[in-house]
Amino acid sequence: MLASHLVKMLPFDTVTALALGILTLPLLSFFILFFYGKKIFHKGDWFGTAIIGICFLLSIAVFVLHQQSGLESIIARVPWFSLGKAKFTVSVSVTSIAAIMLIVVTFISFLVHMYSIEYMKGKLNYERYFPYLGLFTFAMIGIVLSDNILITFMFWELVGLSSYLLIGFWFEKDSAVKASKKAFLVNRIGDVGFLIGILFLYSRFGTFELNAIYEVVKTFDAEDKSYLFFTIAGLGIFMGCVGKSAQFPLQIWLPDAMEGPTPVSALIHAATMVAAGVYLLAKTYFLFNEDTLLIIAVIGAVTTLAGALPAMVQHDIKKVLAFSTISQLGYMVMAMGVKAYEAALFHLVTHAFFKACLFLSVGAVIHAMHHIKHDLFLKGNYLNFDSQDMRIMGGFKKIMPVTFAAYFISSMALVGVPLFSGFLSKDAILLATWDWASANVSKNGSITYYLIPATAFVTVFITAFYIFRQMYLVFFTDFRLADFYKEANEVFGRMHEVPWLMRFPLIVLSVCSLGFAFSINPFSVNASWFVHLVKSPIPGISPEGLHGAWVPVLSIVMAAIGLFMGYRVYKEVAENNFKAMRRTLLASENVYLFFKNNFFLDKLYKTIIIKPGIAVAAVTSRTDSKLVDGFIHFISVSTVVFAHIVAWVDKYVVDGLVNLVAIVAQATGKVTASIQKGKIQSYFIFTLIAVILLVLFLYGLLN
Amino acid sequence: MIELKEYLLISAILFIIGLMIIITKRNSIFILIGIELILNAANLNFVAFSKYDPVQLQGQVFSLFIIIIAAAEAAVGLAIILKVYSYFRTANVDEIDDLKG
């Protein structure tokens, strides 16, 4: 079933050449800023921002040209190298979803660049920050564009590397170093699966070109695809997605990744890193069979809930959003699993905008907290408070109205309130899960399938609850740091809205979080331009075919209950002066701690994986030092002993023989030399004796 | 009439005397004299044998050559001895042993 004969070299046309330009520009920006960043104006921040801005404009051009061409995918393919008969190619593939992703990635990256100029001003290693952002963008664009899955894997690893560099950007902080290491290592686990999947595909199809594989696979029917091969290859690739998109059980790295600068978190959570996993699923979607999709749906559903529950109890303002991202990624993966391809990608795009907006507005709050800390320090109060702790925030609505507005719009989009973008995509997913479950239930008769839509609906409620909790803690009531330090109130009063460089991205992103940005009719996903652009490679649940008017109603009701519950609980908490926050939140202390610590997954992994791993390492280390080293020592000692014996033999036997020959020669020489002692008369005597002897001899001979 | 035997006897005595001089004397000039005696012993032999060969005179001619060569040899030999003497400040052959093995 080889597909290698379908791999044809295709020249670059305008669209693919432009796409290649979009790919190379951030890399160029990385190199220039990395090596000459200090010499360029303003340490190169405006330069990097401008480069990504150009990329964004080019992305729009690519999108428009691709739409005009009317083709499903535009591919350019050039030879890479060949090993024996196997030829390897590099390809740039522009599809509808790739063009949209290009716009999303470059747009959000551009806004994050712009935001960072202000946010990172005066921070340590400022000139290293922008090249890393450029590298990150480059890697993500590479994943988006490459049709060769091996090249995709390389960019995939490059995304891992650049996230490592950016999460550990403040490397003087021990926790940041640990977080970056954790993110990198946990991602590696997923990548192993991804690589196995890639090699499986290559072993079967003889090529890495996804388009060629698609040409072959699309002729298969469901039975052809039900083989174990497709399940293993699909699960392998899905494992890569589990690592990168922080799905259960590998989601543990994402909350720790909050150690990076906040604009980086926005980039990771919106456009670059975690989106890569879902995008990979979309790219290889045609490979998945029923079994794989079921596993994907279940993992997605588990992740949805596993992300939302801890988000309810976090104190760190960014960690709430991190868990929220896990939960939303769970929605996307779940949608992929229930064959709602369009809905999943739609949610990926809408989520990119509103989550970036959430992170950037939260970043504005953290920025203000830093300023408060700084001003207090200038006034002689050195207070070592955590500027990301929501328990000491509050009242920011008064001083930062634009930030609050942006936060409000994007959080409503996150909850899925009508008129906001999240409503469209999330309801498409909810509808699809319901449809999928009811179809499966009527086919198999098992009601367990309803668990997945049930999880999705419950999570809507939890999402509304935790986001309202955060909004309440951060933006409403009074500034609570003043309860501890009276001076803080005065400083807080002098705070004002963030500068325009930070305000502009917030405004733009909050506009993009409105429902109108995606659909003329903000109540119907079918009216969205997005759904019409994207076409699933396998027959699935298209939003058009969905019915069930009660689903959006239920979701709105759930969201409203969540918001109301959040309001009730936190109003009570506020009236108690935030003393009994824990008690009122959850009845049991244990459940609270269980959620707060992300289900103790870190501890679990430490107990069942890391500790046995270290024990095994200790055993192997002991084996190494005792057994292997002992054996090597024995060998070396015996070699030395043997060498001594050889040396003795050499000295006395071999050298002795040589010396004997020399001594004999010397003695002979002495003896013969004594004959020739320079006395002429003795020579005469010898001659005489010889002549006499000769005469005697001749005489004897004659007779 | 003197017989050949007597000639040969004289010649042999002369030869032995020359040989003894060569072996026993330390002075190089004496050794040269000894060599002359040995050459003359040979000459005597040639002439004696030639006396009994009335037709041809090879022996006498041969001895004439030897006399000439002996004269040249003596000249060369004495010159060498002079040079050796001026270099080593001795004519004693026992002391001139630079060529010993």
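So, here's what we can say about the structure. On a predicted model such as this, the values are computed, not experimentally measured, just so you know.

### Remarks on the overall build of chain B
At step 1: In terms of helices and strands, chain B carries three helices and zero strands.
At step 2: Going residue by residue from the N terminus, the α and β elements of chain B occur as α-α-α.
At step 3: Taking 101 residues into account, the globule formula puts the C-alpha radius of gyration at 13 Å, and chain B, at 17 Å, lies well above it.
At step 4: Taking the principal axes of the C-alpha coordinates as reference, chain B spans close to 50 × 25 × 25 Å.
At step 5: Relative to its 101 residues, chain B shows a buried fraction of 11%.
At step 6: Across chain B, the fraction of contacts at a sequence separation of at least 24, relative to all contacts at a separation of at least 6, is 49%.

### Some remarks on the overall build of chain A
At step 1: Across its full length, chain A holds 28 helices and two strands.
At step 2: Here chain A has a C-alpha radius of gyration of 37 Å; the compact-globule value for 703 residues is 27 Å, and the former is much larger.
At step 3: With respect to the three principal axes, the spread of C-alpha positions in chain A is 150 × 70 × 55 Å.
At step 4: Counting the 703 residues in chain A, one finds 48% classified as buried.
At step 5: Within chain A, counting contacts between residues at least 6 apart in sequence, those at least 24 apart form 81% of the total.

### Examining the interface of chain B and chain A
At step 1: Chain B puts nine residues into the contact, and the matching count from chain A is ten residues.
At step 2: Here the side of chain B that touches chain A is composed, by residue class, of five nonpolar, one polar and three charged.

### Brief notes about helix 1 (residues 14–36) of chain A
All names here are of chain A.
At step 1: Here helix 1 is 23 residues long and its end C-alpha atoms lie 31 Å apart, about the 33 Å a rise of 1.5 Å per residue gives.
At step 2: Looking only at helix 1, the buried set comprises Val-15, Thr-16, Leu-18, Ala-19, Ile-22, Leu-23, Leu-25, Pro-26, Ser-29, Phe-30 and Leu-33.
At step 3: Looking at the buried positions of helix 1, the neighbouring elements they touch are helix 2 (45–69), strand 1 (73–83), strand 2 (86–95), helix 3 (96–119) and helix 4 (126–145).

### Things to note about the environment of Phe-423 of chain A
Residue and element names in this part refer to chain A.
At step 1: Residue position: Phe-423 is located in helix 18 (residues 421–444).
At step 2: Overall, the presence of 26 C-beta atoms within 10 Å leaves Phe-423 in the buried class.
At step 3: For the pair formed by Phe-423 and Leu-514, sequence separation is 91 residues and the distance between their alpha carbons is 9.5 Å.
At step 4: When near neighbours in sequence (up to four residues on either side) are disregarded, Phe-423 contacts Gly-416, Val-417, Pro-418 and Gly-515.

### A few points about the packing of helix 3 of chain A against helix 22 (residues 500–512) of chain A
Residue and element names in this part refer to chain A.
At step 1: Closest axis-to-axis distance for the helix 3/helix 22 pair is 7 Å, and the angle between their directions is 150°. What the angle tells us is that helix 3 and helix 22 run roughly antiparallel. In this structure, helix 3 crosses over helix 22, and the sense of that crossing is left-handed. Across the interface between the two elements, Leu-111, Met-114, Tyr-115, Ile-117, Glu-118 and Tyr-119 from helix 3 touch Leu-501, Met-502, Phe-504, Pro-505, Val-508 and Leu-509 from helix 22.

### Some details on the nonpolar core
Residue and element names in this part refer to chain A.
At step 1: With 213 residues, the main nonpolar core has Ile-108, Val-278, Ala-335 and Ala-356 as its most contacted residues.
At step 2: Considering each element in turn, this core owes the most residues, 22 residues, to helix 15 (residues 341–378).
At step 3: Not counting residues within four places of it along the chain, the set of residues in contact with Val-278 comprises Cys-241, Ser-245, Leu-329, Met-332, Val-333, Ala-344 and Leu-348.

### Observations concerning the pairing of strand 2 of chain A
Residues and elements named next belong to chain A.
At step 1: As paired elements, strand 1 and strand 2 share ten bridges and run antiparallel to each other. Within strand 2, the residue paired with Ser-82 across the bridge is Lys-87.
At step 2: Counting the residues between successive antiparallel strands, the hairpin from strand 1 to strand 2 contains two residues, one of them, Gly-84, with a positive phi of roughly 60°.

### As for the packing of helix 4 of chain A against helix 5 (residues 149–167) of chain A
All names here are of chain A.
At step 1: Two elements in contact, helix 4 and helix 5, have axes separated by 8 Å at closest approach and are oriented at 155°. When the axis of helix 4 is compared with that of helix 5, the two are roughly antiparallel. Here helix 4 runs over helix 5; the crossing is left-handed. The residues of helix 5 that touch helix 4, namely those facing Tyr-132, Leu-135, Phe-136, Ala-139, Met-140, Gly-142 and Ile-143, are Thr-152, Phe-155, Trp-156, Leu-158, Val-159, Ser-162, Leu-165 and Leu-166.
At step 2: Here the contact of helix 4 with helix 5 is composed, by residue class, of twelve nonpolar, three polar and no charged.

### Some thoughts on unusual backbone geometry
At step 1: For the peptide bond that leads from Phe-248 of chain A to Pro-249 of chain A, omega is 5°, which places it in the cis range.
At step 2: Residue placement: Pro-249 of chain A occurs in the loop between helix 9 (228–244) and helix 10 (253–256).

### Some points on the environment of Val-653 of chain A
Residues and elements named next belong to chain A.
At step 1: When you line up the elements, Val-653 lands in helix 27 (residues 601–675).
At step 2: What makes Val-653 exposed here is the crowd of 10 C-beta atoms within 10 Å.
At step 3: Val-653 sits 583 residues away from Gly-70 along the chain, and the two C-alpha atoms are 92 Å apart.

### What about helix 18 of chain A?
Residues and elements named next belong to chain A.
At step 1: With 24 residues, helix 18 should cover 34 Å at 1.5 Å per step; its first-to-last C-alpha distance of 35 Å lies within 8% of that length.
At step 2: For helix 18, the buried fraction is high: 17 of the 24 residues fall into the buried class.
At step 3: Looking one or two residues beyond helix 18, the residue adopting positive phi is Gly-445, at roughly 80°.

Conventions used here
Residues numbered from 1 in each chain as written. Chains lettered and ligands numbered in written order. Predicted model: local features only at pLDDT ≥ 70, side-chain atom pairs only at ≥ 80, totals over all residues. Helix = DSSP H or I, 4+ residues; strand = E, 2+ residues; numbered from the N terminus. Rg over C-alpha atoms; globule rule 2.2 N^0.38 Å. Buried ≥ 20, exposed ≤ 12 C-beta atoms within 10 Å, placed from the backbone. Contact = placed C-beta atoms within 7 Å. Nonpolar A, V, L, I, M, F, W, Y, C, P; charged D, E, K, R; others polar. Expected span 1.5 Å × (residues − 1). Axes fitted to C-alpha atoms, helices over the stretch in contact; angles between N-to-C directions. Parallel < 35°, antiparallel > 145°, perpendicular 65-115°, else oblique. Left-handed = near helix turned anticlockwise from the far one by under 90°. Core = buried A, V, L, I, M, F, W, Y, C linked by C-beta atoms within 7 Å. Pairing = 2+ DSSP bridges.

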